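This is what each chain is made of:
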Number of protein chains: 2
Amino acid sequence: MGKPETSWRVVLVRPRNPLNIGAAGRAIANFGLKELVVVSPFEPTWREAKSAVGAEALMKSARSVESLEDAIGDATLVVGTTTGRRRMLDRDLISVTELPAWLKRRRSHRAAALLFGSEKTGLSNQDLSFCHAVVRIPTVPNCPSMNLGQAVAVCCYELARASKGAAPQAGLRTHRSNQATMQSLTHLFDRAVRLLDQSGYFHPKSRDAQVLKLRRFFLDRGLTNNDARILGGALAQLEWRLKNK
Amino acid sequence: MGKPETSWRVVLVRPRNPLNIGAAGRAIANFGLKELVVVSPFEPTWREAKSAVGAEALMKSARSVESLEDAIGDATLVVGTTTGRRRMLDRDLISVTELPAWLKRRRSHRAAALLFGSEKTGLSNQDLSFCHAVVRIPTVPNCPSMNLGQAVAVCCYELARASKGAAPQAGLRTHRSNQATMQSLTHLFDRAVRLLDQSGYFHPKSRDAQVLKLRRFFLDRGLTNNDARILGGALAQLEWRLKNK
């Protein structure tokens, strides 16, 4: 039995762009999170965002509240986000890449909140004072600031990864046919050599070396049964055509 | 000594929304990637996207091309993306979470392309036939489809993680000649199709499907320049013989 699942709430603090609120909602829904809370959005912004397409159910349940305290509510773990590299005194500053491992080391929380600041200014020091840790997405120094919707997507993606652990994902297996047997490869190879002999491909003097090279080529390819069938069919047809032209 | 760094090119195939193109550009810049190529965008869309804020330098260098082949160019590894769970026969379908590990297991490529389809339809089967593998972002079944800009952000984030984690692979390299370019593979492939057309290999009704299958076969073989030379010579000789019997 693992720890009880943490329910994450995404909190946008004073966002300005309705498209970003809608995009955040969509990412939250994409990764199976359930809750979006927005702190004091500009009223028309909020109205427009509520009708965003792509995550209708999630956006319908999204709430707007007056203060960050209201948004945090019953969450017992609060994590902020930053794109900057400013010092976080007495705060863990974690790369989002490390977030799953960091969460695993801590005791579980039934409800947790992940805060994102406004597009222009990010989270204020006041906002950050509520956070147990601050997460940074590892962007490059010369273009560190992410679009809000995209930052939410990357963080939700990591939270989903954290909750799944590293469990195997059913249905993501590859559908490949089996490796071809040595017999069928030899058969295929002999057919190719016969065809090339008929077409006059080999130089009499270097035929042996060319044949060896060709065999190596065949063996190196890691052909599957399926490949061997396709290739065998093509070679047979070519051979037939050469004889019956 | 590690493997040489792979330079990733993000390719958007027929995107419709200029905001998404701009958002893709910004994510690319955020994670230190260098190149955005867009296949046949709608002209006003492209003009608007070029002036997107947040990633000016990247968007300035972004190119628009006519065809997917042009966009792939010299890339020797091509990875598609999908939000669906449709079966990819004979293609590795990888969760993006596993992408760094998957890349580490393979030999290195100097240039690679990551393809994203249009917002409405994703990548076509024709587009996917160019791909060595297909990546899926592990979204939830009841809201699987991501916003294009956000999908690009999550993938670029994982590619950045992959390049940081690139571990040296001593002793795992054999002496192989260089990976064949997509151009030379396409050339080879076209020659094979012509030859098979001349020999009457294809069934008229299923020719398209057979050609797609054959292209996939060619791509999967990891052919080197040397291989391409040998194979090209054999095909040329067969073609000559069919004509001059």
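One can find the structure itself at the top, above this paragraph.
The rules behind these values
Residues numbered from 1 in each chain as written. Chains lettered and ligands numbered in written order. Predicted model: local features only at pLDDT ≥ 70, side-chain atom pairs only at ≥ 80, totals over all residues. Heavy atoms only, no water. Pairing = 2+ DSSP bridges. Helix = DSSP H or I, 4+ residues; strand = E, 2+ residues; numbered from the N terminus. Axes fitted to C-alpha atoms, helices over the stretch in contact; angles between N-to-C directions. Contact = heavy atoms within 4.5 Å. Buried < 20%, exposed > 50% of the residue type's maximum accessible area, 1.4 Å probe, protein only. Arc of directions from axis to C-beta. Salt bridge = Lys/Arg side-chain N within 4 Å of Asp/Glu carboxyl O. Phe/Tyr/Trp six-rings, centres within 6.5 Å; stacked < 30°, edge-to-face > 60°. Lys NZ or Arg CZ within 6 Å of the ring centre and 35° of its normal.

Chemist: Would you mind going over the sheet that holds strand β7 (residues 133-136) of chain A with me for this structure?
Modeler: Paired through their backbone hydrogen bonds, the strands of a sheet run either parallel or antiparallel. Residues and elements named next belong to chain A. Strand order in the open sheet formed by 7 strands is β3-β2-β1-β6-β4-β7-β5, and the pairing between neighbours is parallel. At either end of the open sheet lies a strand with only one pairing partner, and these are β3 (63-65) and β5 (92-95). Across the sheet, the mean angle separating the axes of adjacent strands is 30° when strand polarity is ignored. In terms of strand pairing, strand β2 (residues 35-39) meets β3 through 3 bridges, oriented parallel. Bridge assignment links V37 to a residue of β3, and that residue is R63. Most of the contacts of helix α7 (residues 148-164) go to strand β6 (residues 111-116), to which it runs at about 150°, and overall it touches β1 (7-13), β4 (77-82), β6 and β7.

Chemist: Sorry, what's going on with helix α2 (residues 43-50) of chain B here?
Modeler: Residue and element names in this part refer to chain B. Those residues of α2 that fall on the buried side of the exposure criterion are T45, W46 and A49. Buried residues of α2 fall within an arc of 95° about the axis and therefore sit on the same side. Looking at the buried positions of α2, the neighbouring elements they touch are α1 (18-30), β2 (35-39), α3 (56-61) and β3 (63-65).

Chemist: Would you mind going over the pattern of salt bridges with me for this structure?
Modeler: Where side chains of opposite charge bring their charged atoms close, a pairing between them can arise. According to the stated counting rule, one finds 18 salt bridges over all chains in the structure shown. Across the salt bridge formed by E158 of chain B and R161 of chain B, the nearest N and O atoms sit 2.7 Å from each other. Here the residue E158 of chain B and the residue R161 of chain B both occupy positions in helix α7 (residues 148-164), the gap between them amounting to 3 residues, near one helical turn. The network of salt bridges with shared partners includes R9, E35, R63 and D74 of chain A.

Chemist: Please explain unusual backbone geometry as it appears in this structure.
Modeler: Residue and element names in this part refer to chain A. For R14, which is not glycine, the phi dihedral falls at a positive 50°. Examined against the element boundaries, R14 turns out to sit in the loop between β1 and α1 (18-30). Given the relative accessible area of 36%, R14 is considered partly exposed. The backbone of S40 sits at a positive phi, close to 30°, despite the residue not being glycine. Here S40 is to be found in the loop between β2 and α2 (43-50).

Chemist: It is not clear to me how the packing of aromatic side chains should be interpreted in this structure. Could you clarify?
Modeler: To describe a pair of aromatic rings, you give the distance between the ring centres and the angle between the ring planes. Counted under the stated rule, the structure contains 5 aromatic pairs over all chains. Arranged with centres 5.3 Å apart and planes meeting at 65°, the rings of Y201 of chain B and F202 of chain B form a pair that is edge-to-face. Assigned by exposure class, Y201 of chain B and F202 of chain B land together as buried. Cluster of aromatic residues (ring-pair linked, three or more members): F31 and Y157 of chain A together with F31 and Y157 of chain B. Positioned over the ring face of F202 of chain A is R207 of chain A, at 5.3 Å from the centre of the ring. Just above the ring of F130 of chain B sits the side chain of R215 of chain B; from NZ or CZ to the centre is 4.1 Å.

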